[in-house]
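Chains, contacts and geometry: an overview
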Amino acid sequence: MDLRIFTEPQQGASYETLLSVAKATEDLGFDAFFRSDHYLRMGSADGLPGPTDAWITLAGLARETKRIRLGTLMTAGTFRLPGVLAIQVAQVDQMSGGRVELGLGAGWFEEEHQAYGIPFPKEKFGRFEEQLAIVTGLWETEAGKTFSYDGTYYQLTDSPALPKPAQAKLPVLIGGHGAKRTPRLAARYADEFNIPFATLEDTATQFGRVRTALAEAGRGPDELVYSNALIVCVGKDDAEVARRAAAIGREVDELKANGLAGSPAEVVDKIGQYAAVGSSRFYLQVMDLDDLDHLELISAQVQSQLN
């Protein structure tokens, strides 16, 4: 069972804060450090000191960590041209010695596009499908050969398809709640399917759709990793759980209903319920990035039981 730390820096975090969380992630034995890809805070957070770019952050962490995997949930397809993204991710993978994973999504948060002058196209999913074809196609092109693509939204002509990632197969994550097109794309391009902030019932249903799509694509049901992203709020007692919930502006009962919250035993039990419907990896959404004691508790009393 893999436990990964997942951060939301747009809510307010400097690179130094992210570095401290990433180093704690590594020191405490977690599998990976992932971050969101957003440029504008959500809800009532002040977002200070301002946004950090996902791939610049991961490039820095690639040189300042040694073991943990590094990636995004999810890189917004609207932020980057696919050819440029393929170069960026391959370079960071080289910088890390082959520890990078690309979570890629269509993009959805219109307000951040307006805030920073980023075009927000009406047809995002079609672009997303072409982006997946281009990024994976560039990486898969043999050295010395070229890659061309003539799509509705993107055209590439005789690209040298360089640089290559350090990994022979850099993992691609696709996720979401879409009932038809999302499972189909996952079956074609993904190494991992992630469903964010979903109930047990919705998780089971969506994993079933993905398995059906895999069969239709001629792939086996176990060729993908199936994962969940869920908010985490763990305390050694009720008072500590309540304190941590208050620090992120959430209610304990709501967190227990919609995430991994409560005592270590409660969280281990909840993870077991998700594992029973097929999940083998969890992205723990940590909202208070200054509370490193939280990570230490999860490592010592949740991760240790799962291992």
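Cut-off values and rules
Residues numbered from 1 in each chain as written. Predicted model: local features only at pLDDT ≥ 70, side-chain atom pairs only at ≥ 80, totals over all residues. Heavy atoms only, no water. 1 Å grid on protein atoms, 1.4 Å probe; cavity = no way out; pocket = protein on both sides within 12 Å on 5 of 7 lines; lining within 4 Å. Points joined across faces, edges and corners; volume = space filled by probe spheres on them. Helix = DSSP H or I, 4+ residues; strand = E, 2+ residues; numbered from the N terminus. Nonpolar A, V, L, I, M, F, W, Y, C, P; charged D, E, K, R; others polar. Core = buried A, V, L, I, M, F, W, Y, C linked by side-chain atoms within 4.5 Å. Buried < 20%, exposed > 50% of the residue type's maximum accessible area, 1.4 Å probe, protein only. Expected span 1.5 Å × (residues − 1). Axes fitted to C-alpha atoms, helices over the stretch in contact; angles between N-to-C directions. Parallel < 35°, antiparallel > 145°, perpendicular 65-115°, else oblique. Left-handed = near helix turned anticlockwise from the far one by under 90°. Contact = heavy atoms within 4.5 Å.

1. Re empty space enclosed by the protein
Applying the stated rule across the entire model yields one cavity of 30 Å³ or more. Considering only enclosed or pocket space, the largest cavity measures out at about 70 Å³ in volume. If you go around the largest cavity, the residues you meet are Val232, Cys233, Arg244, Ala247, Ile248, Val286, Met287, Asp288, Asp291 and His294. Elements with a minimum of two residues in the lining of the largest cavity: strand 10 (225–234) and helix 8 (238–247). Taken together, the residues of the lining of the largest cavity sort by class into six nonpolar, one polar and three charged.

2. A look at the nonpolar core
Judged by nonpolar contacts, the single largest core of 72 residues is most densely connected at Phe33, Trp55, Trp139 and Ile174. When residues in this core are grouped by element, the largest group, eight residues, is from helix 5 (residues 125–140).

3. Here's the deal with helix 10 (residues 264–276)
Taking 1.5 Å per residue, 13 residues should reach 18 Å; helix 10 reaches 18 Å between its end C-alpha atoms and fits that length. Gly278 lies just past helix 10 and shows a positive phi near 120 degrees.

4. Topic: the packing of helix 6 (residues 181–189) against helix 7 (residues 200–216)
When two helices pack together, their arrangement is captured by the angle between the axes and the distance separating the axes. Contact geometry of helix 6 with helix 7 gives a least axis separation of 8 Å together with a crossing angle of 50 degrees. When the axes of helix 6 and helix 7 are compared, the pair comes out oblique. Crossing hand, helix 6 versus helix 7: right-handed. Contacts between helix 6 and helix 7 involve Pro183, Arg184 and Ala187 from the first element and Gln206, Arg209, Val210, Ala213 and Leu214 from the second. Taken together, the residues that form the contact of helix 6 with helix 7 break down as five nonpolar, one polar and two charged.

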